[in-house]
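Summary of structural features
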Amino acid sequence: MTDAFAALPSAVRGTFDTVRARDPHEPEFQQAVHEVLSAIVPVLERHPAFVEGGIVERIVEPERQIVFRVPWVDDSGRLRVNRGFRVQFSSVLGPYKGGLRFHPTVNLSIVKFLGFEQIFKNALTGQGIGGAKGGSDFDPHGKSDAEVMRFCQSFMSELYRHLGEHTDVPAGDIGVGAREIGFLFGQYRKITNRHESGMFTGKGVQWGGAEVRTEATGYGAVFFVENMLAVHGESLDGRRVAVSGSGNVATYAIDKVRQLGGIPVTASDSSGYIVDDAGIDVDLLREVKEVQRARISEYVTRRRSARFVEGARPWAVPVDIALPSATQNELDEQDAAALIASGVRAVAEGANMPSTPAAVAAFRDAGVLFGPGKAANAGGVATSALEMSQNASRQRWSFADSEDKLRSIMGDVHDAAFRAAERYGHPGDYVVGANAAGFERVAHAMLAQGVI
Ligand code: GLU
């Protein structure tokens, strides 16, 4: 799935070679490192102190990696063993922060790529949070609530010793939603005898969670698109939008596109995608995916304007805007070519690293406005930081207030990326801009805090 890596300038080539030699079996991690290293060369040229201070060599190595056994007993009484991970990548800007992913594909390469991205994404939000990621190869699909609970309790029985509101603050990601977060938080509370609200984000709003956290990643990605279009005097109004995925990010991206006058025409899951030219009905999508936990084809049985395409991804559908919001490497060079041929104007990554390097290169060459995940999907973790603020001050902000704050943070994230791209001689290139702006913040803090 991973494209061949393009040659890197000499300033960063050595570091990349070291990463490949040290972690030869981690293609996703190598891909994430390659993207950052290729984008930050102009930053290193302008800041020799970053080179002298060994910032690049240090940042590609996690501060700490935790890999652990997660034994649990299924409903039939059989013992199961999964593998748990937490990669604490950087705490230079704040406590480690990043989600947990439960999915059968999770391995150290996936967790490290996500944790590495998270450093720069979190820096871009300007919210004082470090970068981390974790998870397990456990698959919640098809498990009973009791099985999910026992797994979460076993997972937290090990991980709790590495967490804390000033140490490491997890949240959700693929396969970790409200149910899992409840079980994980409950076990932490029992073991530590502390109701420590700030040690987890994405909590239920009844017990310390923040308004808009559920919607934040999807809403934020659409706000990011709004900002990219506004630079050119354009808007979402009347524009057709392809969204992939049908989880949290996709569902609320679809919701916000509709609210802003666009027409979201697709959604997908691992079985295929749906096209609904009348615009996806968010309530029906949520009913199918969240309540029934059914396959997405169920949607078309209840909606005349929709059809289901089995075993494919939605990128052949002609649209003005694409929001890949499912998972890594879900949009390749051919998909990019199809989107470009149909005249796509903007692409923003709701998921983490959904576009392959060749797809990103194709969009940039074709002049498509391209918002990379570490900028476009930063709204989720930014709202997690708002949740931490509310927990620390024992306040509760309203939905409208929280959404206003999210919208303004996404405007700031956009502007930081946009301005950095101009500053470093790549106007309009949000890949360079987002990586450069995030990296600059991390690098200055690392220099100030010494060799640690
Ligand atoms: N998993 C989300 C992300 O990829 C959110 C992390 C968080 O809120 O800590 O950014």
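In what follows, the accompanying structure is described.

What counts and how
- Residues numbered from 1 in each chain as written.
- Predicted model: local features only at pLDDT ≥ 70, side-chain atom pairs only at ≥ 80, totals over all residues.
- Heavy atoms only, no water.
- Core = buried A, V, L, I, M, F, W, Y, C linked by side-chain atoms within 4.5 Å.
- Buried < 20%, exposed > 50% of the residue type's maximum accessible area, 1.4 Å probe, protein only.
- Contact = heavy atoms within 4.5 Å.
- Near = heavy atom within 4 Å.
- Polar contact = N/O pair within 3.5 Å; in protein donor to acceptor, adjacent residues only side chain to side chain.
- Areas by Shrake-Rupley, 256 points an atom, 1.4 Å probe, with all protein chains shown as cover.
- Helix = DSSP H or I, 4+ residues; strand = E, 2+ residues; numbered from the N terminus.
- Nonpolar A, V, L, I, M, F, W, Y, C, P; charged D, E, K, R; others polar.
- Axes fitted to C-alpha atoms, helices over the stretch in contact; angles between N-to-C directions.
- Parallel < 35°, antiparallel > 145°, perpendicular 65-115°, else oblique.
- Pairing = 2+ DSSP bridges.
- Phe/Tyr/Trp six-rings, centres within 6.5 Å; stacked < 30°, edge-to-face > 60°.
- Lys NZ or Arg CZ within 6 Å of the ring centre and 35° of its normal.

**Structural notes on the nonpolar core**
One finds Phe116, Leu323 and Phe439 to be the most contacted residues of the largest nonpolar core, which totals 88 residues. Dropping the residues within four chain positions of it, Leu323 is found in contact with Val222, Val225, Val241, Ala242, Val243, Ser244, Ala253, Val257, Trp315 and Ala348. Ranked by size, the runner-up nonpolar core spans 21 residues in total, among them Phe68, Val148, Cys152 and Phe185.

**So, unusual backbone geometry**
Of note, the phi angle at Val212 is positive, near 75°, even though the residue is not glycine. For Val212, a relative accessible area of 2% corresponds to the buried category.

**Section: the site of the ligand**
Taken together, 13 residues lie near the ligand, and Lys97, Lys121, Asp173, Arg213 and Ser384 sit nearest. A distance of 3.0 Å separates a nitrogen atom of the ligand from a polar backbone atom of Gly172. Interatomic distance of 3.1 Å between a side-chain N/O atom of Asn352 and an oxygen atom of the ligand. Here the ligand, which alone exposes 290 Å², has 95% of that area covered by the protein. Mapped by element, the contributors of at least two residues to the shell around the ligand are strand S3 (96-102), helix H5 (108-125) and helix H14 (379-393). When residues in the shell around the ligand are grouped by element, the largest group, three residues, is from S3. Along the lines of polarity and charge, the residues of the shell around the ligand split into two nonpolar, six polar and five charged.

**What about the side chain of Asn377?**
With respect to the element layout, Asn377 can be found in the loop between helix H13 (373-376) and H14. A distance of 3.3 Å separates a polar side-chain atom of Asn377 from the backbone oxygen of Gly350. In this structure the side chain of Asn377 is engaged in a polar contact, spanning 3.0 Å, whose partner is the side chain of Asn352. Residues contacting Asn377, with those up to four places away along its chain left out, are Lys121, Thr217, Glu349, Gly350, Ala351 and Asn352.

**Regarding the packing of H5 against helix H16 (residues 430-449)**
At a closest axis distance of 8 Å, the pairing of H5 and H16 adopts a crossing angle of 85°. With respect to H16, the axis of H5 lies roughly perpendicular. From H5, Ile119, Phe120, Ala123, Leu124 and Thr125 reach across to H16, where they touch Ala434, Ala437, Gly438, Phe439, Arg441 and Val442. Here the residues of the contact of H5 with H16 sort into eight nonpolar, two polar and one charged.

**Details of the sheet that holds strand S6 (residues 240-243)**
Read across the open sheet, the five strands follow the order S7-S6-S11-S12-S13; overall the sheet is parallel. With partners counted over all chains shown, the strands left at the sheet margins are strand S7 (263-264) and strand S13 (369-371), one partner each. As paired strands, S6 and strand S11 (residues 321-323) are joined by three bridges and run parallel to one another. By the bridge assignment, Val241 is partnered in S11 with Ile321.

**Focus: the pairing of S6**
As judged from the two bridges shared by S6 and S7, these two strands associate in the parallel manner. Each residue of the ladder has a partner; that of Val241, found in S7, is Pro264.

**Focus: the side chain of Thr383**
With respect to the secondary-structure elements, Thr383 resides in helix H14. With sequence-adjacent residues up to four places away left out, Thr383 is seen in contact with Glu211, Val212, Arg213, Ala216 and Leu406.

**Regarding the packing of aromatic side chains**
In total, this model carries 21 aromatic pairs according to the counting rule given. For the ring pair Phe138 and Phe151, a centre distance of 3.9 Å and an interplane angle of 5° mean the geometry is stacked. Taken together, the residues span a long stretch of sequence, with Phe138 in the loop between strand S4 (131-136) and helix H6 (145-159) and Phe151 in helix H6 at a distance of 13 residues. Consider the rings of Tyr219 and Phe223, whose centres lie 6.5 Å apart with planes at 70°: the pair is edge-to-face. A residue pair is termed a helical-turn pair when its members lie 3 or 4 positions apart in one helix, as Tyr219 and Phe223 do in helix H8 (residues 213-230) at four residues. On the accessibility criterion, Tyr219 (4% relative accessible area) is buried. For Phe223, a relative accessible area of 0% gives the class buried. Taken together, the ring pairs connect Phe29, Phe50, Phe89, Phe116, Phe120 and Phe439 into an aromatic cluster. Here the guanidinium or amino end of Lys256 rests over the ring plane of Tyr219, the centre of that ring lying 4.3 Å away.

In short, the description is geometric, and any link to function would need to be established separately.
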